[in-house]
Amino acid sequence: MTRRFTPTVVLKDNDVTDETIYTQRRKLLKQMGFLGTGALLSGGANAFGWFSDDEETAVSAPRPLDFKQNTTWGQDETLTPYEKVTQFNNFYEFGTGKEDPAKNAQNFKVDPWTLSIDGMVENPITLGYEELFSKFALEERIYRLRCVEAWSMVIPWTGFQLSHLLAMAKPLSSAKYVAFETLDSPTQMPGIRNAFVGGGLDYPYIEGLRLDEAAHPLTMMAVGVYGKTLPGQNGAPIRLVVPWKYGFKSIKSIVKITLTDKKPPTTWNQLAKQEYGFYANVNPNVDHPRWSQASERRITRGGLFKQTRIPTQLFNGYSEVAPLYANMDLTKQF
Ligand code: MTE
């Protein structure tokens, strides 16, 4: 389905000012009655009564996952608390406000689910809901997530390398790119039903990577966060996590992955290509046209907000991906 609306919400300068973010966070914490982290973690998402007990909604209630910890990354980082990871979100299908996804995705139904991998592959694959959790051994990885809006978090994701899924599908030698598509469900997603709620983006939300980026060992398909299945607002039941790129590349609630020889169109790039490049590699030296990318607000627990401004690192600190871009001018191909 292709719909085109005049964009009503594009990230504005003041979306990233300290004051705006600070005010939003304060409002959020106040609304939630700011419970201690311990209470939240032990009580899980239901501590907030997000999920009712009836059968239909129970499918999206986070449940514990079996996984091994991969300690290669993030061991020295302070984690962003669960309640911030799950209540300060960007998921425009559920509304453009940071608190909207947690509110509007409460009844998001993820089971049954179908994820298909097709296009230029020898072996097209279709995974059902349970297979998302059982087809590959799950591991937990702690990654930094840097949003283009100049805030960042440190998040323990549970999932598997996208390269394992790609290997199973066997890309043809002609395949050069990987295209991703989010569920398009106007009945469940108020932002798709109503352009004012969804910021006037063209839905379904679509993203893309070069095949070598998709196959990089850092690129992950996440099915969980903090050891439990993803809440709806974080992209249940399965999402992409590309830690060296701005967060908008990490597309949520994926139903389709297509191997192709053409650079796929991507949602934010289609909306404003001067502002949101296809590559979207985190880069402190390439500013967004309307704000600096030199530093970021690390969203952590407590403390004065001012204490959390830190310098942004090239590739979000994941320097092992640099060879992917060896012959590119990152100021032009941003
Ligand atoms: N995926 C879809 N389908 N729709 C979205 O609006 N927002 C992106 C990305 N994936 C988005 C999406 C943006 S801008 C960011 S920063 C991350 O999701 C945020 O992920 P989080 O809410 O889990 O922190």
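Residues numbered from 1 in each chain as written. Predicted model: local features only at pLDDT ≥ 70, side-chain atom pairs only at ≥ 80, totals over all residues. Heavy atoms only, no water.

With respect to the pattern of salt bridges
In total, this model carries 14 salt bridges according to the counting rule given. Linking Lys249 and Glu207 is a salt bridge whose minimum nitrogen-to-oxygen distance equals 2.7 Å. Linking Lys249 in the loop between strand 10 (239-241) and strand 11 (254-260) with Glu207 in strand 7 (residues 206-210), this pair joins segments that are 42 residues apart in sequence. A single burial state applies to Lys249 and to Glu207, both of which are buried. Where salt bridges share partners, they join Glu77, Arg144, Arg146, Glu296 and Arg298 into one cluster. (Salt bridge = Lys/Arg side-chain N within 4 Å of Asp/Glu carboxyl O. Helix = DSSP H or I, 4+ residues; strand = E, 2+ residues; numbered from the N terminus. Buried < 20%, exposed > 50% of the residue type's maximum accessible area, 1.4 Å probe, protein only.)

Looking at unusual backbone geometry
Here the residue pair Asp111 and Pro112 is connected by a cis peptide bond, since its omega of 10° sits within 30 degrees of zero. For Pro112, the position within the fold is in the loop between helix 5 (100-104) and strand 2 (114-119). Look at the link from Tyr203 to Pro204: it is a cis peptide, with omega at 5°. Take Pro204: it is sitting in the loop between helix 8 (190-193) and strand 7. A positive phi angle is found at Ala150, which is not glycine, with a value near 75°. Relative to the helices and strands, Ala150 resides in the loop between strand 4 (139-146) and strand 5 (151-161). Ala150 sits in the buried class, given a relative accessible area of 5%. Despite not being glycine, Tyr226 has its phi angle at roughly 55°, a positive value.

Focus on helix 7 (residues 162-169)
For helix 7, the set of buried residues is Leu162, Ser163, Leu165, Leu166 and Ala169. The arc that holds the buried residues of helix 7, viewed along the axis, is 160°, so those residues lie on one side. Of the residues one or two after helix 7, Lys170 is the one with positive phi, at around 55°. (Arc of directions from axis to C-beta.)

Let's talk about the site of the ligand
Asn89, Tyr92, Glu93, Arg239 and Lys252 are the nearest of the 16 residues found near the ligand. Contact between the ligand and Arg239: an oxygen atom at 2.7 Å from a side-chain N or O atom of the residue. Notes on the ligand: free accessible area 540 Å², of which the protein chains cover 98%. For the ligand, the cavity whose grid points lie within 2 Å of the majority of its atoms is the largest cavity. Of the residues in the shell around the ligand, the class split is 7 nonpolar, 6 polar and 3 charged. (Near = heavy atom within 4 Å. Polar contact = N/O pair within 3.5 Å; in protein donor to acceptor, adjacent residues only side chain to side chain. Areas by Shrake-Rupley, 256 points an atom, 1.4 Å probe, with all protein chains shown as cover. 1 Å grid on protein atoms, 1.4 Å probe; cavity = no way out; pocket = protein on both sides within 12 Å on 5 of 7 lines; lining within 4 Å. Sits in = over half its atoms within 2 Å of the grid points. Nonpolar A, V, L, I, M, F, W, Y, C, P; charged D, E, K, R; others polar.)

Looking at the packing of aromatic side chains
Evaluated as defined, the whole model comprises 16 aromatic pairs. Seen in terms of ring centroids, Phe88 and Trp151 are 5.1 Å apart; in terms of plane orientation they differ by 85°. Their pairing is edge-to-face. A residue pair is termed long-range when its members are at least 10 positions apart, and Phe88 in the loop between helix 4 (82-85) and helix 5 and Trp151 in strand 5 qualify at 63 residues. Its relative accessible area of 4% is what places Phe88 among the buried residues. Its relative accessible area of 4% is what places Trp151 among the buried residues. Taking the centre distance of 5.3 Å and the plane angle of 90° together, the rings of Phe278 and Tyr279 count as edge-to-face. The exposure class assigned to Phe278 is buried, which follows from its relative accessible area of 5%. Residue Tyr279 is classed as buried on the basis of its relative accessible area of 7%. Grouped by ring-pair contacts, the aromatic residues Tyr177, Phe278, Tyr279, Phe315 and Tyr325 constitute a single cluster. The residue whose ring lies beneath Arg63 is Phe133, and the NZ or CZ to ring-centre distance is 4.8 Å. Positioned above the aromatic ring of Tyr82 is the side chain of Lys228, whose terminal nitrogen or guanidinium carbon lies 5.6 Å from the ring centre. (Phe/Tyr/Trp six-rings, centres within 6.5 Å; stacked < 30°, edge-to-face > 60°. Lys NZ or Arg CZ within 6 Å of the ring centre and 35° of its normal.)

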